[in-house]
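# Structural features, examined
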Amino acid sequence: MTAVRTRAATTAAQDTPRPRAAAQSFRDAMALLAAPVSVITALDPDGRRRGFTASSVSSVSLDPPLILAGIALTSSCHTTLTTAPEFVVNVLGAQHRDLARRFATQDVDRFAGGGFAPWENSGTPYLPDAALLMRCRTARIVRAGDHDLVLATPVEFRHGVDGTDPLLWYRRGFHTARAHSA
């Protein structure tokens with residue numbers, strides 16, 4: 001009975017409009033969570049390369065292996081990511097700051113700067129010098145407020161150069177984490 005009440009309360013809370021101050025407080029709080037920056041790439045149904053900058057990529061399960069990638073319903077890449085059978089998560093290093101900005105900008109050719117190659121046997125674009133590459137097959141799409149959460153199975157990994165400092169999104173800007181000596 002408790003689970004039913006909790007589920008109903010959660011649904012009611014999602015349907016209730018939130019005051020603007022609460023939404024801004026949420027945004028401000030989430031800005032304090034450092035997150036790795038990735039560019040997610042896929043092919044649309046016509047074979048065109050599509051991609052966007054994402055900071056909402058995380059592991060979900062070890063058995064079976066699953067990752068999650070969030071995408072706004074209003075994103076220009078929403079239809080591509082939620083209908084493509086596979087996509088690549090390109091985890092960015094510190095050297096990719098400009099690339100991350102370009103893939104976060106609307107109404108530009110995000111691939112104009114070059115640097116991407118087609119993944120063998122799939123054609124999905126990937127960034128060869130990314131810190132980590134995960135080619136993923138879409139398993140399930142879950143609607144969550146103003147985003148869709150794409151659950152996917154990583155089917156292939158490629159690791160970048162050791163020692164690459166990760167690019168992070170923190171306090172609404174790009175930052176780099178570095179190891180500190182003890």
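Residues numbered from 1 in each chain as written. Predicted model: local features only at pLDDT ≥ 70, side-chain atom pairs only at ≥ 80, totals over all residues. Heavy atoms only, no water.

## Some details on the packing of aromatic side chains
Within the structure shown, the criterion is met by four aromatic pairs. For the pair F103 and F111, a centre-to-centre distance of 5.0 Å together with 85° between the ring planes defines the contact as edge-to-face. Here F103 and F111 have matching classes, each one buried. Relative to F116, the ring of F111 has its centre 5.0 Å away and its plane inclined at 70°; by these criteria the two rings are edge-to-face. Both residues of the pair, F111 and F116, count as buried. Here the basic side chain of R158 rests over the ring of W119, its NZ or CZ set 4.0 Å away from the ring centre. When the ring centre of Y126 is taken as origin, the NZ or CZ atom of R158, which lies over that ring, is 5.0 Å away. (Phe/Tyr/Trp six-rings, centres within 6.5 Å; stacked < 30°, edge-to-face > 60°. Buried < 20%, exposed > 50% of the residue type's maximum accessible area, 1.4 Å probe, protein only. Lys NZ or Arg CZ within 6 Å of the ring centre and 35° of its normal.)

## Quick word on the sheet that holds strand β5 (residues 65-72)
Here seven strands make up an open sheet; going across it, the order is β3-β2-β6-β9-β10-β5-β4 and the pairing antiparallel. Pairing within the sheet leaves two strands with one partner each, and these edge strands are β3 (49-54) and β4 (57-62). Recorded for the sheet is a direction-independent mean angle of 35° between the axes of neighbouring strands. Taken together, the six bridges between strand β6 (residues 86-91) and strand β9 (residues 132-144) define a ladder with antiparallel strand orientation. Pairing of F87 across the sheet is with C136, part of β9. (Pairing = 2+ DSSP bridges. Helix = DSSP H or I, 4+ residues; strand = E, 2+ residues; numbered from the N terminus. Axes fitted to C-alpha atoms, helices over the stretch in contact; angles between N-to-C directions.)

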